[in-house]
Amino acid sequence: GDSVTQMEGPVTLSEEAFLTINCTYTATGYPSLFWYVQYPGEGLQLLLKATKADDKGSNKGFEATYRKETTSFHLEKGSVQVSDSAVYFCALTTYSSASKIIFGSGTRLSIRP
Amino acid sequence: GAGVSQSPRYKVAKRGQDVALRCDPISGHVSLFWYQQALGQGPEFLTYFQNEAQLDKSGLPSDRFFAERPEGSVSTLKIQRTQQEDSAVYLCASSLWWQATLEQYFGPGTRLTVT
């Protein structure tokens, strides 16, 4: 079945460090790919998305590129801030799954001042 | 505008009790989803409505779980005879339509603790 695998956390970085969170997927159809973020005490919210191969999603300084050849959608940010501390979920949907989201297990990110 | 709201935010139930969790989606959103998030895990799909029709309930873990959306707006997830393994955060999400590329908007969740 369809699935998402992302790097395990927790990940701890210093402010202004470069961030990569790896994500790979398995899907029978042609998926849309998402990164959702869950800030402490808040609900899940969409961070960025990409709906076809080679698309780059970006938001708040974060970027991820849909790589069909490597079935990957790695999240990157050039310079993280303390306010980026949260749990990040890689996810996918496919038309065959009637749009239900399949999530990875999440990566907790902590940024030290 | 108002987002997705859920109530109650926290619920403690004794094992064997029935519980009902409510979701108010964004007005006009056709699709509504329920997810279960265990501690330290990603959310897992439970069930999906398009208007009042429940089109997919493949994720419901047992026949103790039941969901409804009778008028195509508010939805209720009911869990009968709760067990400790039902302890989790239950998330509701809505989207404008059923298209796979569309964003789903999540509510804050209901944290259920079964003692």
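Basis of the calculations
- Residues numbered from 1 in each chain as written.
- Chains lettered and ligands numbered in written order.
- Predicted model: local features only at pLDDT ≥ 70, side-chain atom pairs only at ≥ 80, totals over all residues.
- Heavy atoms only, no water.
- Contact = heavy atoms within 4.5 Å.
- Buried area = accessible area lost by both parts, 1.4 Å probe.
- Salt bridge = Lys/Arg side-chain N within 4 Å of Asp/Glu carboxyl O.
- Polar contact = N/O pair within 3.5 Å; in protein donor to acceptor, adjacent residues only side chain to side chain.
- Helix = DSSP H or I, 4+ residues; strand = E, 2+ residues; numbered from the N terminus.
- Buried < 20%, exposed > 50% of the residue type's maximum accessible area, 1.4 Å probe, protein only.
- Pairing = 2+ DSSP bridges.
- Axes fitted to C-alpha atoms, helices over the stretch in contact; angles between N-to-C directions.

1. Considering the interface of chain A and chain B
Many descriptions give the size of an interface as the accessible area lost when the pieces come together.
Item 1. Each partner contributes residues to the interface: chain A has 20 residues there, and chain B has 22 residues.
Item 2. Interface area, chain A with chain B, both sides summed: about 1,700 Å², of which 57% is carbon and sulfur.
Item 3. Remark: the boundary between chain A and chain B carries 1 salt bridge.
Item 4. A salt bridge links Asp56(B) to Lys100(A); the shortest N-O distance between them is 3.8 Å.
Item 5. Linking chain A with chain B are 2 residue pairs in polar contact (both at pLDDT 80 or more).
Item 6. When residues of the side of chain A that touches chain B are traced back to their parent elements, those giving at least two are β5 (32-38), β6 (44-50) and β10 (86-93) of chain A.

2. Things to note about unusual backbone geometry
Item 1. Here the amide bond leading from Gly9(A) into Pro10(A) is cis, since omega sits at -5 degrees, within 30 degrees of zero.
Item 2. Of note, the bond from Ser7(B) into Pro8(B) is cis; its omega dihedral lies within 30 degrees of zero at -10 degrees.
Item 3. Along the chain, Pro8(B) falls in the loop between β1 (5-7) and β2 (10-13).
Item 4. One non-glycine residue, Lys60(A), lies in positive phi territory at about 55 degrees.
Item 5. Tracing the chain through its elements places Lys60(A) in the loop between β7 (56-59) and β8 (62-65).
Item 6. Judged by its relative accessible area of 48%, Lys60(A) falls in the partly exposed class.

3. Considerations on the side chain of Thr76(B)
Residues and elements named next belong to chain B.
Item 1. The residue threonine 76 is located in strand β8 (residues 75-79) in this model.
Item 2. Judged by relative accessible area, threonine 76 falls into the buried class, the value being 18%.
Item 3. In this structure threonine 76 touches Ala20, Leu21, Trp34, Phe66, Ala67 and Glu68, once residues within four positions along its chain are discounted.

4. With respect to the sheet that holds β7(A)
Through backbone hydrogen bonds, the strands of a sheet pair up, either in parallel or in antiparallel fashion.
Residue and element names in this part refer to chain A.
Item 1. Here we have 4 strands laid out as an open sheet, ordered β3-β9-β8-β7, and antiparallel in their pairing. Every other strand in the sheet has two partners, leaving β3 (19-21) and β7 as the edge strands with one partner each. Strand-to-strand twist across the sheet, computed as the mean angle between neighbouring axes with direction ignored, equals 15 degrees.
Item 2. Bridging between β7 and β8 involves 4 bridges; their strand directions are antiparallel. Residue pairing for β8: asparagine 59 is matched across the bridge by phenylalanine 62.

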